[in-house]
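# Coordinate inspection notes
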Amino acid sequence: MYVSRVHDPFLRGQLAIAALFCSLGFQYATWASRIPAVKADLGLTAAEVGVLLMAAGIGAVASFPLVPVLVGRLGSARLALLSALCLTLLLLALGAAPDYPVALLVMVADGVCVGCLNVAMNAQGTALETRHERNTMARLHATFSAGSLLAAVLASGMTAATSSVTAHFGVAAVVLVVLTGVARTGLLADEAPTQPRQGRSRTGWSLPSRITLWMCCAMAFGTVTEGAMNDWSALYLREVAKASAELAPTGIAVVSGMMVVARLFADGWRSRWGDGRVVLLGSALAAVGLAFALVSGGVVAALIGFACVGLGCAAVTPCVYVAAAKQGSQALALVAAMGTTGLLAGPPLIGFVAGASSLVWGLAVVAAAAAFVSLCSTRIRWTPVTG
């Protein structure tokens, strides 16, 4: 493998961990891109599709008590590789699911594995920063977005070539196996675990500290903002801003593109200003920019607002993951579970608000969520990170 021939230990670890982030983004976007085909193949209603999407969130939440145990027994490196392989198999299982109940079980298992990989790969990224005293978490999260983009390109090509979901997921599984192989050659060995700064219960579990709970809130509302923008920006442009059908998809491109670019530079911002200030100012920018778009109306204002969301939210989740990892594996598992839940629960929540009032008010909730992240950031004890 190419990674094993890289001599710089930091770069070798960075490439290996980046492969994990890329694989998670790729796997998630692959099955999400074929939801319409899965709906048609299994004859599902819109409500059943909603439950199918929520099943992954349920699995992620259910993984919370399991992940710290697995990290302690297997270590983050082995847990990450095992979870990545399981996600590959689950993608194939979803493509071959014969009926709705089986698909639900697959998605619950997918959520559990996502929770495991999410914690393990972020623990690896935090360990890499700590050992080498160099910021990299934002760039690692950029590879998650890059994996999603790669999956979208593959989905477009496979959809044009064949209507078979099984064939598409088979090709995607090959990509995932390659990424897992790249990751295997450079992951960090786990050091002796440190005690999280939280109170122990009589059962041996750590009770979440106040700081951890604020991190959970910041992560949940931050991922609500990300998930809602990806799912509702195109519809807002088409139905509210009256953009053309050809222009409507650019909302997703603007949000995702700005997020990828910002994450490539965000580690430098973290070194210069600190994680807390980056999260505070970034989430405030997202809230103000989106509010401006909703009040102003029109396509141009919408695209400017969406760009502010992508730019402002880019560093939120990387910074919160780093802070949570330093509280211990249990805190990281809880924060990761809340992040996955927010990512999956955000779009249905906005849909409910939009259905009861309008899509403008639905996206106003997103702006409020971003503003709440700013508030949460002032309650978190951020550890200074040196570049």
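One can find the structure itself at the top, above this paragraph.
Everything quoted here is computed from the prediction, not taken from an experiment.

There is a patch of nonpolar side chains on the surface, built from Val261, Leu264 and Phe265 and spanning about 290 Å² of accessible area. By the element assignment, Leu264 lies in helix α10 (residues 250-273). Classification of Leu264 by relative accessible area gives partly exposed; the value is 43%.

The residue Thr225 is located in helix α9 (residues 210-239) in this model. The class for Thr225 is buried, based on a relative accessible area of 1%. Separated by 2.9 Å, the side chain of Thr225 and the backbone oxygen of Phe221 make a polar contact.

Moving on, we come to the packing of α10 against helix α12 (residues 299-313). Orientation of α10 relative to α12, taken along the N-to-C sense of each, is 35 degrees, at an axis distance of 7 Å. Considering the relative orientation of α10 and α12, their crossing is right-handed. Contact residues: Thr250, Gly251, Val254, Val255, Met258, Met259, Ala262, Arg263 and Trp269 in α10; Leu303, Phe306, Ala307, Gly310, Leu311 and Cys313 in α12. Tallied by class, residues from the contact of α10 with α12 come to eleven nonpolar, three polar and one charged.

Rules of the game
- Residues numbered from 1 in each chain as written.
- Predicted model: local features only at pLDDT ≥ 70, side-chain atom pairs only at ≥ 80, totals over all residues.
- Heavy atoms only, no water.
- Patch = residues over 30% accessible without salt bridge, like charges linked within 9 Å, V, L, I, M, F, W, Y side chains within 5 Å.
- Areas by Shrake-Rupley, 256 points an atom, 1.4 Å probe, with all protein chains shown as cover.
- Salt bridge = Lys/Arg side-chain N within 4 Å of Asp/Glu carboxyl O.
- Helix = DSSP H or I, 4+ residues; strand = E, 2+ residues; numbered from the N terminus.
- Buried < 20%, exposed > 50% of the residue type's maximum accessible area, 1.4 Å probe, protein only.
- Polar contact = N/O pair within 3.5 Å; in protein donor to acceptor, adjacent residues only side chain to side chain.
- Axes fitted to C-alpha atoms, helices over the stretch in contact; angles between N-to-C directions.
- Left-handed = near helix turned anticlockwise from the far one by under 90°.
- Contact = heavy atoms within 4.5 Å.
- Nonpolar A, V, L, I, M, F, W, Y, C, P; charged D, E, K, R; others polar.

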